[in-house]
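One-letter residues, chain by chain:
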Amino acid sequence: MAASSRPADVLFEIHERQRADGSAAILAIGTAYPTNCIQQDEFTDWYFRVTKSEHLTKLKSKMKKICDNSGIQKRHFHHTEEMIGVHPEIIDRGAPSLGARQAISAVAAHNLAADAASRAISAWGRPAADITHLVVSTNAGAQEPGADIRLAELLGLRPAVRRTLLYLHGCSAGLAALRVAKDIAESNRGARVLAACTQAHLLLFSPPDDDAHIDILVTMAIFGDGAGAVIVGADDTDADPAGTVVERPVFHMVSVSQTTLPGTEQAVVINLTESGLADSRLSVEVPALVRGSVERCLTDTLAPLGLPNVGDGGWNGLFWALHPGGRAILDSYEGALGLEAGKLAASRQVLSEYGNMSGATVIFVLDEIRRRRQDESGKQEGKDCHWGVMSALGPGLTIETIVLHANGCHEN
Ligand SMILES: CC(C)(COP(=O)(O)OP(=O)(O)OC[C@H]1O[C@@H](n2cnc3c(N)ncnc32)[C@H](O)[C@@H]1OP(=O)(O)O)[C@@H](O)C(=O)NCCC(=O)NCCSC(=O)CC(=O)O
């Protein structure tokens, strides 16, 4: 039968040829963090000394309590005491410091992204030149040419690689990058998307203020630096000329959703000013907002999928890759969903070892879940659950979610 020449049919055929056949999968994961490490039980002394705020004894003891209860053991930072020492404007609220902060944190963010991406590419097993699209997400400044171009240079990607750069999505930056990567991979047959989220928080660094700004202490007590990268593709696994499979899906990205909670626009505020992000705000209400809304939000996300048997275990029938925005945020998810102890073990471990690396954190959590699932040595929590939820909070207040399916699991 002759092919139709009706424009609508031709357009449809072109569209079908361009689209991938399968759903997007994460094919490899890489992470990186700075070598400079501060133990959480030493952080309060370090912070009050570096910011020349030793005289603020009441705030110091409050900060100590927050650190003690944070669920964090250590964090990694690009910035050091010496670095801040040569830029006194960083601890002076009245002095402009955006230029100095951005110059330092951009280089750090680019290098961390390159390290994480190199690890992802190496785990993927194909050459960097096979990457067709690049999605980079960061809170470490707002410049052009930006982190995407620099990362493409550092990795030696093809000049024709198609780039997308996302700035200031806060802690949902990692999920936003993955959501965009999924759409690109499913819309472009043969695409291999490198999605990287990189955070260096010197832009956020701020001296203690007064009793009215305890959120500054909270952000200083929980945020750390790090980068995560994944390779995303949507077609059948690729084999080399000898027929050896060189790429295998780790997690399929089944569906994505983004919900902005009404009336919460002041809950997480990120302001880029002459003082960097030091004028940002974090409401004490965030854990309660999460507790009150997350079940409805996840029900709306999962119900239309009609996943087989997931309902049998309730929320405990899923594995969970949650952004550990803070210990109280994880407690809120756990309480609201009735999750068993251990369900958030990967999130709590990443929080403990690295703190909240903003959008990059959830990629560390995903990598930790991958490691636990592949661990043959014993029963790891969540190994029997094949469907999972990845979720993070961002300004808005926004809850971003990706429903996952772990590779090699066809039952359940
Ligand atoms: C920081 C904590 C570990 C501290 O835990 P604690 O067990 O010590 O107890 P707590 O919650 O009572 O807090 C201790 C004291 O700090 C105060 N406090 C806590 N959070 C505050 C905030 N955001 N603003 C102002 N004050 C705050 C409390 O009122 C209390 O004061 P008092 O002692 O006077 O009673 C926890 O509160 C936590 O994990 N909070 C969630 C942090 C969060 O919102 N993360 C999201 C980051 S943003 C993100 O991930 C998204 C994004 O950036 O886009």
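Residues numbered from 1 in each chain as written. Predicted model: local features only at pLDDT ≥ 70, side-chain atom pairs only at ≥ 80, totals over all residues. Heavy atoms only, no water.

1. Comments concerning the overall build of the protein
Each helix and strand in the protein was counted, giving 12 helices and 13 strands. The C-alpha radius of gyration of the protein comes to 22 Å, within 12% of the 22 Å expected for a compact globule of 412 residues. Seen through its principal axes, the protein has C-alpha atoms that stretch 85 × 50 × 45 Å. Within the protein, the fraction of its 412 residues that count as buried is 54%. (Helix = DSSP H or I, 4+ residues; strand = E, 2+ residues; numbered from the N terminus. Rg over C-alpha atoms; globule rule 2.2 N^0.38 Å. Buried < 20%, exposed > 50% of the residue type's maximum accessible area, 1.4 Å probe, protein only.)

2. Brief notes about the site of the ligand
Close contacts around the ligand come from 27 residues, with Lys62, Cys171, Leu282, Arg327 and Ala328 the closest. A distance of 2.9 Å separates an oxygen atom of the ligand from a polar backbone atom of alanine 328. Within the side chain of asparagine 356, a nitrogen or oxygen atom sits 3.5 Å from an oxygen atom of the ligand. Protein burial of the ligand: of its 1000 Å² of free accessible surface, 77% is covered by the chains. Every element with two or more residues in the shell around the ligand is listed here: helix H3 (57-68), helix H8 (214-222), helix H9 (286-302), helix H10 (327-337) and strand S12 (387-394). Examining the composition of the shell around the ligand, we find that 4 residues originate from one element, H8, more than from any other. By residue class, the composition of the shell around the ligand is 14 nonpolar, 9 polar and 4 charged. (Near = heavy atom within 4 Å. Polar contact = N/O pair within 3.5 Å; in protein donor to acceptor, adjacent residues only side chain to side chain. Areas by Shrake-Rupley, 256 points an atom, 1.4 Å probe, with all protein chains shown as cover. Nonpolar A, V, L, I, M, F, W, Y, C, P; charged D, E, K, R; others polar.)

3. Let's talk about the environment of leucine 165
With respect to the element layout, leucine 165 can be found in strand S5 (residues 162-167). Look at leucine 165 and you get buried, because its relative accessible area is 19%. When the C-alpha positions of leucine 165 and isoleucine 214 are compared, they lie 32 Å apart, and in sequence the two are 49 residues distant.

4. As for the nonpolar core
Phe43, Tyr47, Met63, Phe205, Trp320 and Tyr333 are the most contacted members of the largest nonpolar core, which totals 55 residues. Of the residues forming this core, the biggest block, 6 residues, is contributed by H9. Once residues within four sequence positions are removed from consideration, tyrosine 47 is found in contact with Met63, Phe205, Ser206, Pro207, Pro208, Ile216, Leu217 and Met220. One finds Leu175, Val193, Val232 and Ala392 within the second-largest nonpolar core, a separate group that totals 43 residues. (Core = buried A, V, L, I, M, F, W, Y, C linked by side-chain atoms within 4.5 Å. Contact = heavy atoms within 4.5 Å.)

5. Observations concerning the UniProt feature "active site" (unreviewed entry) in the protein
Following the UniProt record, one finds the feature "active site" (unreviewed entry) at Cys171. With respect to the helices, strands and loops of the structure, cysteine 171 is situated in the loop between S5 and helix H7 (173-187). Excluding residues that lie within four positions of it along the chain, cysteine 171 makes contacts with Phe223, His323, Asn356, Ser358, Gly359, Ala392 and Leu393. (UniProt positions renumbered as here; feature names shortened; annotations may be inferred.)

6. With respect to the side chain of glutamate 368
In this fold, glutamate 368 is placed in helix H12 (residues 361-374). At 2.8 Å, the side chain of glutamate 368 forms a polar contact with the side chain of arginine 372. Residues contacting glutamate 368, with those up to four places away along its chain left out, are Ala346, Gln349 and Val350.

7. Quick look at the pattern of salt bridges
One pass over the full model with this rule turns up 21 salt bridges. The residue aspartate 130 makes a salt bridge to arginine 126 at a minimum N-O spacing of 3.0 Å. We classify aspartate 130 as partly exposed; its relative accessible area is 27%. Note on arginine 126: relative accessible area 17%, which makes it buried. Across the salt bridge formed by aspartate 331 and arginine 327, the nearest N and O atoms sit 3.0 Å from each other. On the criterion of helical spacing, the pair formed by aspartate 331 and arginine 327 is a turn pair, its members being 4 residues apart in helix H10. When its relative accessible area of 25% is taken as the criterion, aspartate 331 is described as partly exposed. Ionic contacts of the salt-bridge type, sharing partners, join the residues Asp367, Glu368, Arg370, Arg371 and Arg372 into one network. (Salt bridge = Lys/Arg side-chain N within 4 Å of Asp/Glu carboxyl O.)

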